[in-house]
Amino acid sequence: MVDVARPHTTPDEVPHTLTEQAPRTLGTLDQAALWGNLGVSLLGFTGAIFVLQPFGEGTPYVSLTAALVAVVVGTAVGAAAVAAVAAIGARTGAPTMVLLRGVFGARASTVPTVLNVVQMVGWGTFEIVTIATALTQVVPGVPRWAWVLTCGAATIALAVRPLGSVRLLRRWVSIAVVIALLWLAGNLIGQSGGLSGGSGGWSGFGVGVDVTLAVGISWVPMAADYARHSRTVRSAVVGAFAGTTVMGVACYAIGLVALVSVADGPDQVFASFLAVPLGVLAFLVVTVRELDQSFANVYATTVSTQALRPRWDRRVVSVVVGVLVTVLALAVRIDNYESFLYAIGSVFLGLLAVLLVDYLVAGRRWDLSETSATRWVLLLPWAAGIAAYYLIPPGPLVSRSLVSFLVAAAATGLVHGLAWSVRRTV
Ligand SMILES: Nc1ccnc(=O)[nH]1
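Residues numbered from 1 in each chain as written. Predicted model: local features only at pLDDT ≥ 70, side-chain atom pairs only at ≥ 80, totals over all residues. Heavy atoms only, no water.

1. Things to note about the overall build of the protein chain
Part 1 of the argument: Of the regular secondary structure elements, the protein chain holds 17 helices and zero strands.
Part 2 of the argument: Relative to its length of 426 residues, the protein chain is compact, with a C-alpha radius of gyration of 21 Å against a globular reference of 22 Å.
Part 3 of the argument: When its C-alpha atoms are laid out on the principal axes, the protein chain stretches across 70 × 50 × 40 Å.
Part 4 of the argument: When each of the 426 residues of the protein chain is scored for burial, the buried share is 57%. (Helix = DSSP H or I, 4+ residues; strand = E, 2+ residues; numbered from the N terminus. Rg over C-alpha atoms; globule rule 2.2 N^0.38 Å. Buried < 20%, exposed > 50% of the residue type's maximum accessible area, 1.4 Å probe, protein only.)

Following this line, the structure appears as structure tokens:
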């Protein structure tokens, strides 16, 4: 039981086990670069169709104004959720799945932690498939499996040096991505001959908020994994919120512009990027940058695994997970992106509500150790949130995500209220 293990890494990289102290080296710009790059996604450009045409293929578009407002609202609320968990991570120095030991106790926290491992392996696989598919469009001569292997190797290389990779994003990648996005946006708007608010209405606006919020929420489970390395709480919060919001909105907005002007459906979005002058270069920058997502997913899987097995060497875990997602990416075909996101949103929104309310009420008494006592009762408000999500039909101006969050939050408050009154009367 050595909790005073000698540091065997340089102090500016994450220690190999979870029993060692987290170095506090990341500033606001590091956090903004990380979350800004995670906010941009190849899936966002094409996923914009779910906001624009919320009821599916063949149904009417919402207006461009309604779509943009939905994107801003959903993305900003999702970013606020990421920032809230980042704040707790920066304050405690613990990764997200260790925070759940405080809420549910070490034993019961295994349930959401295993779910998170499954989710992150799914995302890691999905991202490698996405990058490899995009690269096949740009460089058609190379077979997809070769791109999958290349992406897998790059993902592993980035994941074993998590803080070094964040610095790489800050120094080199962010600026290239910003230029590429401005270039694509300017050219697409130019080609469309100017944009109007569009003719559609607002019906389905709530679905658009839901979709973009679900994307934001899907990042929450890794928020504290990086925030715990922040120099200050403020830099974690500001960096995560600003980075995710600004770049997330930019990414969806470019997808929307492509869809309402030049692209004939989501399958044509990337082709419309490639068709602008120097579009190949801009698209390559954005595509290679997508490796930040696959590495972040592999690293989040690693830290979540360490939450269950704190003495395992994170480098070994990352290599194993990286090989696993690469093999899965070679083997599987994934089409059902939207329902995958919804399922994730439903499970983690309630969890987030329980985490936040419990932190506000009882955070100072949280026991984050490997032996913390089980608090089974808090699984009930989480279940209530999930149930609410599936019982509420999606409709205009009703976001299921927000309702499920509020139900779980209220139920957590109720559990605390009842516990308090029981303590007073006995
Ligand atoms: N956790 C994640 C959310 C969204 N995209 C990802 O690649 N990973």
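Next, the rest of the story.
2. Here we look at the confidence of the model for the protein chain
Part 1 of the argument: With 94% of its residues at a pLDDT of 70 or more, the protein chain shows a mean pLDDT of 92.
Part 2 of the argument: The ipTM value of the predicted complex is 0.97, and its pTM value is 0.94. (pLDDT = per-residue confidence, 0-100.)

3. A short note on the pattern of salt bridges
Part 1 of the argument: What the rule picks out here adds up to eight salt bridges.
Part 2 of the argument: Of the charged contacts, one joins R170 and D30 as a salt bridge, the two residues approaching to 2.5 Å between their closest N and O atoms. Note that R170 is positioned in helix α7 (residues 162–192) and D30 in helix α1 (residues 28–39), a separation of 140 residues in sequence.
Part 3 of the argument: The class of D30 is buried, set by a relative accessible area of 4%.
Part 4 of the argument: Of the charged contacts, one joins D313 and R315 as a salt bridge, the two residues approaching to 2.6 Å between their closest N and O atoms. (Salt bridge = Lys/Arg side-chain N within 4 Å of Asp/Glu carboxyl O.)

4. Topic: the site of the ligand
Part 1 of the argument: Taken together, M120, W123, E127, S218, W219, M222, Q293 and N297 make up the full set of residues adjacent to the ligand.
Part 2 of the argument: Side-chain polar atom of N297 to a nitrogen atom of the ligand: 2.8 Å apart, as the coordinates give it.
Part 3 of the argument: When the free accessible area of the ligand is taken as 240 Å², the share hidden by the protein chains comes to 98%.
Part 4 of the argument: When residues of the shell around the ligand are traced back to their parent elements, those giving at least two are α5 (110–138) and α13 (291–308).
Part 5 of the argument: Here the shell around the ligand gets three residues from one element, more than from any other, and that element is α5.
Part 6 of the argument: Counted by class, the shell around the ligand contains four nonpolar, three polar and one charged residues. (Near = heavy atom within 4 Å. Polar contact = N/O pair within 3.5 Å; in protein donor to acceptor, adjacent residues only side chain to side chain. Areas by Shrake-Rupley, 256 points an atom, 1.4 Å probe, with all protein chains shown as cover. Nonpolar A, V, L, I, M, F, W, Y, C, P; charged D, E, K, R; others polar.)

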